[in-house]
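Here are the chains, one letter per residue:
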Amino acid sequence: MSKTNVNRETDNPKDGRSLPWRFVLCLVLMVLGIAWLAYYYTAVRVDPTVAPAPEPGGPAFMGDLEKWNYLIGFGLIMLGLALAAHPSTPLGRGNGVVVGMLGCFLLGLVWICTFYIFSGDKLTDIWVFNDLGNYNLLVGIAFMAVGFTYATRWE
């Protein structure tokens, strides 16, 4: 009988071949946030360009939340990214920290630049951007703020 060397905090062998529960949770949160945004935008949201305005799709609670759905979706994504900065996850140690940090910084920068380039009449053609308006700046800044959680882990 051999005894494996297990780290109690991550519940995975120290050879790093299995995914720790924290990283799986981070992935689930990010996928759930993306799914929430996609479902709200495609199935529940009322298109403001259609006249007369149709009834919102179901479920009814999502229609009642209106733009708060974006806060929920992006909040789940940001929470998943921020939790992934923990040293027990692949993004929280070694080169993963640099990848996470630069990825979040660049994603935030691209989000803000896309908003500024297409602001005005052309913004109505880009999904999610068209509903958020100036709140696109907050989304870009939030991605950059999550990048700073990775920067605190950089050695």
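Right above here is the structure, for reference.
Residues numbered from 1 in each chain as written. Predicted model: local features only at pLDDT ≥ 70, side-chain atom pairs only at ≥ 80, totals over all residues. Heavy atoms only, no water.

Caption draft 1: Structural view of the packing of helix α3 (residues 68-83) against helix α6 (residues 135-151). Packing of α3 against α6 leaves a shortest axis separation of 9 Å and a crossing angle of 15°. Considering the angle they form, α3 stands roughly parallel to α6. The element α3 and its partner α6 pack so that their crossing is right-handed. Taking contact as the criterion, the partners of Phe74, Ile77, Met78, Leu81 and Ala82 in α3 are, on α6, Val139, Ala142, Phe143, Val146, Thr149 and Tyr150. (Axes fitted to C-alpha atoms, helices over the stretch in contact; angles between N-to-C directions. Helix = DSSP H or I, 4+ residues; strand = E, 2+ residues; numbered from the N terminus. Parallel < 35°, antiparallel > 145°, perpendicular 65-115°, else oblique. Left-handed = near helix turned anticlockwise from the far one by under 90°. Contact = heavy atoms within 4.5 Å.)

Caption draft 2: Seen up close, a nonpolar patch on the surface. Residues Leu19, Val24, Leu27 and Val28 make up a contiguous nonpolar surface patch of about 320 Å² in total accessible area. With respect to the secondary-structure elements, Val28 resides in helix α1 (residues 21-44). The class for Val28 is partly exposed, based on a relative accessible area of 49%. (Patch = residues over 30% accessible without salt bridge, like charges linked within 9 Å, V, L, I, M, F, W, Y side chains within 5 Å. Areas by Shrake-Rupley, 256 points an atom, 1.4 Å probe, with all protein chains shown as cover. Salt bridge = Lys/Arg side-chain N within 4 Å of Asp/Glu carboxyl O. Buried < 20%, exposed > 50% of the residue type's maximum accessible area, 1.4 Å probe, protein only.)

Caption draft 3: A look at the environment of Asn134. Here Asn134 lies in the loop between α5 (129-132) and α6. Through-space distance from the C-alpha of Asn134 to that of Ser119 is 9.1 Å; in sequence the pair is 15 residues apart.

Caption draft 4: Representation of helix α4 (residues 95-118). For α4, spanning 24 residues, the distance from its first C-alpha to its last is 34 Å, which sits close to the expected 34 Å at 1.5 Å a residue. Close packing links the buried residues of α4 with α3, α5 and α6. Looking one or two residues beyond α4, the residue adopting positive phi is Gly120, at roughly 105°. (Expected span 1.5 Å × (residues − 1).)

Caption draft 5: Local environment of the nonpolar core. Counting 28 residues, the largest nonpolar core has Tyr70, Phe74, Leu81, Trp111 and Tyr150 as its most contacted members. Listed by contribution, the elements that provide at least two residues to this core are α1, α3, α4, α5 and α6. Sorting elements by how many residues they give to this core places α1 first, with six residues. Here Leu81 is in contact with Met30, Cys104, Phe143, Val146 and Tyr150, once residues within four sequence places are set aside. (Core = buried A, V, L, I, M, F, W, Y, C linked by side-chain atoms within 4.5 Å.)

Caption draft 6: Structural context of the packing of aromatic side chains. Overall, the coordinates contain eight aromatic pairs when judged by the stated rule. Where Trp36 meets Phe61, the ring centres are 6.3 Å apart and the plane angle is 55°; that geometry is what we call tilted. You can see Trp36 sitting in helix α1 and its partner Phe61 sitting in helix α2 (residues 60-65), a full 25 residues away along the chain. When the ring of Trp111 is compared with that of Phe129, the centres are 4.4 Å apart and the planes differ by 25°; the resulting orientation is stacked. Taken together, the residues Trp111 in helix α4 and Phe129 in helix α5 connect sequence positions 18 residues apart. Each member of the pair Trp111 and Phe129 is classed as buried. (Phe/Tyr/Trp six-rings, centres within 6.5 Å; stacked < 30°, edge-to-face > 60°.)

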